[in-house]
Each structure stands twice: as structure tokens, then as C-alpha cells.
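# Examination of the molecular architecture
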Amino acid sequence: IEGPTLSDLVQVNKPLPTKMVVEIGIQLVKALGYAHGKGIVHRDVKPGNIMLIKDTTTNKVADFGICRIDSGSTETGQFLGTPNYMSPEQVLGEKVDSRSDLFAVGVVLYQLLTGHLPFEGETMISVAYKITKTEPPSLDKVRPDLPLALRRIVERSLKKQPEKRFQTGDEFANALIGVA
């Protein structure tokens, strides 16, 4: 694919335009929803694994190297993925399913909208602690100019309990479409 990854566009303290982030988010959760429908959980959704087609916001999910092909939940006890983008259940070595990928999308959206990761720390342990035990800095305070609906969507995607997040890529996409 000719074009940058989202990591090439992310700069500290420099959020991307809201409309662009929403467009990227819609495509991303639809692509993941398709993979989830085929029993594939990516397990490493992050800006470096999201490619943009040159001069567009059209994106492709890349690097399915640690994905799990399964009809249900993945096995427990594995610590695979990039720590800052892991869901609480992934950090704790619990069962991981499609909702873990959708949590990672929430991390990516938060980062694109704010220029910061929602869970930062000096060590992998401190990041893991924050992911499992603390809430990210409130978007109400960090980016009060964002549409309320978008702030709520990102907050919901970052819920600690999988059952409180979006359950499918389509559900997540439909919420984002409502903001677009």
C-alpha cells in the first residue's frame, strides 16, 4: 500500500482534524467488524498497523501477525500486543475477543483526537496499571471543543468491562456515522 501509517501522522500535542478522525474510525471499525465476523481477532490494533492510501483517509488494517483465528474467545494467559493499546482483559491475560480490538480502536481515536495516549507511563507495569485501574484524562477537559457524541463514543470504547463497550464493529461504526 502506498501511503503513510497513522503513526506517521500522529504528533504529540497535535490532534488530527475531527472529521478526518471520524472517517478513519468508521473505516477501521468496519474492517475489524468484517474480520471479527470471520472469527479473526487482530490483538495488535495501533497506528503503526493502520495504513492510509496515499492522499486519502481510506485506511487498511495491516499486520495480522499475532491475530487469533477462532470462533469464540482467545485463550488466556497470553500477553501479546503493544501495551499502550491493550485492553484491560488483554493486560491481565484473560480471555480476549473482538471487543478487545474495539478497545484498542478507542485508544487510537483518543490519541488522534488529543495528540496523547489515554494511558501513559514510564514503564510497561505503570501503563498496565493505568489501563486496568484508572480512567483516561477526560475528553471534556482535554478537548471540550469535540462534539459531545464523539466524546461519549470514545469514552464508551475505553470502558474497563467488555460488556460496557461497543459489542461489534458495526455498532461502533453506526455510532461514529451519527457524528460524521
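Definitions and cut-offs
Residues numbered from 1 in each chain as written. Predicted model: local features only at pLDDT ≥ 70, side-chain atom pairs only at ≥ 80, totals over all residues. Heavy atoms only, no water. Helix = DSSP H or I, 4+ residues; strand = E, 2+ residues; numbered from the N terminus. Contact = heavy atoms within 4.5 Å. Areas by Shrake-Rupley, 256 points an atom, 1.4 Å probe, with all protein chains shown as cover. Buried < 20%, exposed > 50% of the residue type's maximum accessible area, 1.4 Å probe, protein only. pLDDT = per-residue confidence, 0-100. Axes fitted to C-alpha atoms, helices over the stretch in contact; angles between N-to-C directions. Parallel < 35°, antiparallel > 145°, perpendicular 65-115°, else oblique. Left-handed = near helix turned anticlockwise from the far one by under 90°. Nonpolar A, V, L, I, M, F, W, Y, C, P; charged D, E, K, R; others polar. Arc of directions from axis to C-beta. Salt bridge = Lys/Arg side-chain N within 4 Å of Asp/Glu carboxyl O. Phe/Tyr/Trp six-rings, centres within 6.5 Å; stacked < 30°, edge-to-face > 60°. Lys NZ or Arg CZ within 6 Å of the ring centre and 35° of its normal.

Before going further, it helps to examine the overall build of the protein. Per the secondary structure count, the protein includes 8 helices and 4 strands. Order of helices (α) and strands (β) in the protein, N terminus to C terminus: α-α-β-β-β-β-α-α-α-α-α-α. Pairs at least 24 residues apart make up 66% of the contacts formed inside the protein by residues separated by at least 6 positions. If you sum the accessible surface of the protein, you get close to 8,700 Å²; carbon and sulfur atoms cover 53% of it.

Tracing the sequence through the fold places H36 in helix 2 (residues 18-37). Residue class for H36 comes out buried when judged on its relative accessible area of 15%. Discounting chain neighbours no more than four positions away, the residues touching H36 are V41, S98, D101 and L102.

The share of residues in the protein with pLDDT of 70 or more is 85%, and the mean pLDDT across the chain is 86. Here residues 64-69 is modelled with pLDDT under 50, and outside its nearest four sequence neighbours on either side it reaches 20 contacts, counting other chains as well.

To continue, consider the environment of P137. As for its placement among the helices and strands, P137 is situated in the loop between helix 5 (124-133) and helix 6 (139-142). Sequence separation between P137 and H116 is 21 residues; the distance between their C-alpha atoms is 9.8 Å. Leaving out residues up to four positions away in the same chain, P137 has contacts with Y110, P118 and V142.

What follows is about the packing of helix 2 against helix 8 (residues 169-177). Running from amino to carboxyl end, helix 2 crosses helix 8 at an angle of 165°, the nearest separation of the two axes being 8 Å. On the basis of their axis angle, the class for helix 2 and helix 8 is roughly antiparallel. Two packed elements cross with a definite hand, and for helix 2 against helix 8 that hand is left-handed. Where helix 2 abuts helix 8, its residues V22, G25, I26, V29, K30 and G33 lie against G169, F172, A173, L176 and I177. Its residues placed into classes, the contact of helix 2 with helix 8 shows 7 nonpolar, 3 polar and 1 charged.

An α-helical turn contains 3.6 residues, so any two residues separated by three or four positions project in the same direction. Buried residues of helix 8: G169, F172, A173 and L176, and no others. Viewed end-on, helix 8 has its buried residues packed into an arc of 100°, placing them on one side of the element. Turned more than 90 degrees away from the buried face of helix 8 sit D170 and N174, all of them exposed. For helix 8, the elements touching its buried residues are helix 2, helix 4 (98-114) and helix 7 (148-157).

Relative placement of two packed helices is described by the angle separating their axes and the distance separating the axes. It is the contact of helix 7 with helix 8, at a shortest axis distance of 9 Å, that shows an interaxial angle of 160°. Judged by the angle between their axes, helix 7 and helix 8 are roughly antiparallel. Between helix 7 and helix 8 lies a crossing whose hand is left-handed. Counting all contacts with helix 7, which are made through L150, I153, R156 and S157, the residues of helix 8 involved are E171, F172, A175 and L176.

Here the focus is the pattern of salt bridges. According to the stated counting rule, one finds 7 salt bridges in the structure shown. Taking the shortest distance from any N to any O, the salt bridge between R143 and D145 comes out at 2.7 Å. Here R143 falls in the buried class, since its relative accessible area comes to 12%.

Before going further, it helps to spend a moment on the packing of aromatic side chains. Taken as a whole and judged by the stated rule, the model has 2 aromatic pairs. Between F103 and F119 the ring centres are 6.2 Å apart and the planes differ by 15°, which places this aromatic pair in the stacked class. Here the residue F103 occupies a position in helix 4, and F119 occupies one in the loop between helix 4 and helix 5, the gap between them amounting to 16 residues. Judged by relative accessible area, F103 falls into the buried class, the value being 0%. An angle of 20° between the planes, with centres 4.5 Å apart, marks the rings of F166 and F172 as stacked. The exposure classification of F166 matches that of F172, with both residues buried. One Lys or Arg, R156, reaches over the ring of F166 and ends 4.1 Å from the middle of that ring.

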